[in-house]
Amino acid sequence: MTSTTPPASSIDGAALLNEVEAFHRRFNVFPTEAAYVAVTLWDAHAHLMDALDGTARIAFLSPEPGSGKSRALEIIETLTPRAATTVNASANALFRLVSADEGTPTLLFDEIDTVFGPKAGGNEEVRGFLNSGYRRGAKSLRCVGEGSDQKAAFLPSFCAVAMAGLGSLPDTILTRSVIIRMRKKAPNEKCEPYRRRIHEKQGHALRDRLADWTATLHDQVAEAWPEMPEGVTDRPADVWEPLLAVADAAGGHWPERARAACVALIKAASEGDQASLGVRLLTDLRDKVFCGVDRMPTAAILEVLLNLDDAPWADMSEDGQGIKPLTARALSKLLSQYVRPDNSPIKPRGIRVGASTPKGYYAEDLADAWNRYCPPDPQKSATSATSATTQVNGGEHVAEGPSGSRHVFAETDTRQLRIAG
C-alpha cells in the first residue's frame, strides 16, 4: 500500500504552523493575537529539544479559575512529543522523568499554584528543577538507588515545560517564561467544545506532521542566531531565541508575526510584573517619597508609601504571615537587597531631628540603586527646578511631592515630618 504522507522535506512549514494555530483557535480563547503566535511556535519548538541550547517555558496564568488555562495545556498535550501532564510532582520524580530512556518529555504542569502558591511552602527543589532546566546540559546532583544502596548521580533537567495556575509564579521562573495572562471568556467569545476521544486524534495527526517537519530542521535550528527585535536582550532574548528560530525556519509571515508577538508579550509581562517589588519600591521612593529631599525618617517614608493609590504597600504579606501594611522591618529587608555606592547593603541610619535621632534613609545611599534599577524619571527635567531641596524658615527642607504635596523636614521639630497639602 502506498503512503499518502508527503516526504518531510516537502512539508510547507508556514502552512503547517497555520494549521496548528487554527487548531488552538478552535478550542482556546487566548487574550491576544500574540498569544496564539507564541503558543504555536512553542508547540513546534518542543519537537526540537535535541537541536536547541535553550527552551522557553510558557506560563498560562489567571486571577480566577475557569479562564481556560487547563484547556490550553490539553491542546498542547496533543501537539507535543512525549507529553506528560502532572500536578504537584516531586523534584525526584521530575528528574527521573527527564532522564528516562524514552527520551526528553514535554512537561505540562497544571495547577502550578499548588506548588508555589502562598500556602504551598517553599518547594525549593521543584523551583530549582524549573530554574535550571531551561538550558541544555543542566544537571543536578541527586541520590539514586534502592534502599541503602544509594549513589550520587547527576540527573538532567533540560526539557520543555508549560505551566498553568492561579496568581503568579516566583520571579526566577517568570523571567524564563513566555507569560500568557488568561481571562474568562466574554459573552461574545466562543470556541468549540473539546472532546478528547474525537479531537485528540486530530491533534496527534498534527503532532506527527510537526515531528516530520522539525526533523528536517535540526541542523538549521542548531546553527541559527535569530535576529532579535530592537531592545530585546539578556534573559528575554534567551526565552525567545528558540521560538524565533522556528519562525525563521517556517518562513512566510511567521518571522514577522513572531517578532511582533515577542515585543508585545515582553512589554505586557514587564508592565504587569509582580516580581520586581524591590524595583517598584526604589522607584516609589525616588518619585513619590524623596522628591529631592536628601534624607527621610522611616516613619515618614512609611506614611507616604501607605497612602499611595495603586500601590502594594498597604497590603503586604510579611514572611507568609498574612496581609498587613509595609512595616519598617519589611522596608529594611527589601532595601537591604541593594547596595550603596560603597557596595555595602542599604540600611537605615540615624537622622538628627532636634534632640532625637530616629532611623531613616539617605538619598545618597539610594542614588546608585536608583540609577541602576529604576526606569528613567519622566518628570526629572520638568521638575528639576521645583524638586531641588531648598532652605526655608527654621532650617526646614522642602520638596515638591506628587500632586503638589510637600514633604517638610524641620530640624527643630521632634515630629520630624508632616505631609501638608
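Here is a short report on the structure shown in this document. Computed from a predicted model, the values in this text were never measured in an experiment. (Residues numbered from 1 in each chain as written. Predicted model: local features only at pLDDT ≥ 70, side-chain atom pairs only at ≥ 80, totals over all residues. Heavy atoms only, no water.)

### A word on the packing of aromatic side chains
And then number 1: Within the structure shown, the criterion is met by six aromatic pairs.
And then number 2: When the ring of Phe27 is compared with that of Tyr194, the centres are 5.4 Å apart and the planes differ by 80 degrees; the resulting orientation is edge-to-face. Highlighted residues: Phe27 in helix H1 (residues 13–27) and Tyr194 in the loop between strand S7 (177–181) and helix H8 (196–215), separated in sequence by 167 residues.
And then number 3: Here Tyr194 falls in the buried class, since its relative accessible area comes to 5%.
And then number 4: Ring-pair connections join several aromatic residues into one group, and the members of that group are Phe23, Phe27 and Tyr194.
And then number 5: The lysine or arginine in question, Arg25, covers the ring of Tyr36, its NZ or CZ lying 3.9 Å from the ring centre. (Phe/Tyr/Trp six-rings, centres within 6.5 Å; stacked < 30°, edge-to-face > 60°. Helix = DSSP H or I, 4+ residues; strand = E, 2+ residues; numbered from the N terminus. Buried < 20%, exposed > 50% of the residue type's maximum accessible area, 1.4 Å probe, protein only. Lys NZ or Arg CZ within 6 Å of the ring centre and 35° of its normal.)

### Overview of the nonpolar core
And then number 1: Within the largest apolar cluster, 60 residues are counted, with the highest numbers of intra-cluster contacts made by Leu17, Leu41, Phe60, Val178, Trp213 and Trp240.
And then number 2: With near-sequence residues (within four places) excluded, Val178 lies in contact with Ala38, Ala56, Arg57, Ile58, Ala59, Val239, Trp240, Leu243 and Leu265.
And then number 3: Leu281, Leu326, Leu334 and Ile346 belong to the second-largest nonpolar core, a separate cluster that totals 29 residues. (Core = buried A, V, L, I, M, F, W, Y, C linked by side-chain atoms within 4.5 Å. Contact = heavy atoms within 4.5 Å.)

### As for the sheet that holds strand S11 (residues 349–350)
And then number 1: Reading across the sheet, the three strands line up as S8-S12-S11 and stay open at both edges, with antiparallel pairing between neighbours. Two strands lie at the open edges of the sheet, namely strand S8 (295–297) and S11, each paired on one side alone.
And then number 2: Bridge count between S11 and strand S12 (residues 359–362): two bridges; the pairing is antiparallel. Each residue of the ladder has a partner; that of Gly350, found in S12, is Lys359. (Pairing = 2+ DSSP bridges.)

### Quick look at the pairing of S12
And then number 1: Across three bridges, the pairing between S8 and S12 is antiparallel. When the sheet's bridge partners are listed, Arg295 is paired in S12 with Tyr362.

### Details of the sheet that holds strand S3 (residues 106–109)
And then number 1: Taken in spatial order, the five strands line up as S2-S3-S6-S1-S7 in an open sheet, and their pairing is parallel. The outermost strands of the open sheet, each flanked by one partner alone, are strand S2 (83–86) and S7. The mean inter-strand angle of the sheet, taken between neighbouring strand axes irrespective of direction, is 15 degrees.
And then number 2: By the bridge criterion, five bridges tie strand S1 (residues 57–62) to S7 in an arrangement that is parallel. Residue Leu61 lies in a different strand from S7, and its bridge partner there is Arg181. (Axes fitted to C-alpha atoms, helices over the stretch in contact; angles between N-to-C directions.)

### Description of the pattern of salt bridges
And then number 1: The final tally for this structure, using the stated rule, is 19 salt bridges.
And then number 2: For Arg71, the salt bridge identified is with Glu74, shortest N-O distance 2.1 Å. Taken together, the positions of Arg71 and Glu74, both in helix H3 (residues 69–79) and three residues apart, correspond to about one turn of that helix.
And then number 3: Judged by its relative accessible area of 29%, Arg71 falls in the partly exposed class.
And then number 4: With a shortest N-O distance of 3.0 Å, Asp284 and Arg280 are connected by a salt bridge. In this pair, Asp284 and Arg280 both sit in helix H12 (residues 277–290), four residues apart, roughly one turn of the helix.
And then number 5: For Asp284, a relative accessible area of 5% gives the class buried.
And then number 6: Residue classification places Arg280 among the partly exposed residues on the basis of a relative accessible area of 30%.
And then number 7: One connected set of salt bridges, linked through shared partners, spans Arg71, Glu74, Glu77, Arg196 and Glu200. (Salt bridge = Lys/Arg side-chain N within 4 Å of Asp/Glu carboxyl O.)

### A few points about the packing of H12 against helix H14 (residues 328–335)
Packed helices, taken two at a time, are described by the angle their axes make and the gap between the axes.
And then number 1: Packing of H12 against H14 brings their axes to within 10 Å, and their N-to-C directions diverge by 105 degrees. In terms of orientation, H12 lies roughly perpendicular with respect to H14. Seen from H12, the contacting residues are Leu277, Leu281, Leu282 and Leu285; seen from H14, they are Leu331, Leu334 and Leu335.
And then number 2: In the contact of H12 with H14, the residues fall into seven nonpolar, no polar and no charged. (Parallel < 35°, antiparallel > 145°, perpendicular 65-115°, else oblique. Nonpolar A, V, L, I, M, F, W, Y, C, P; charged D, E, K, R; others polar.)

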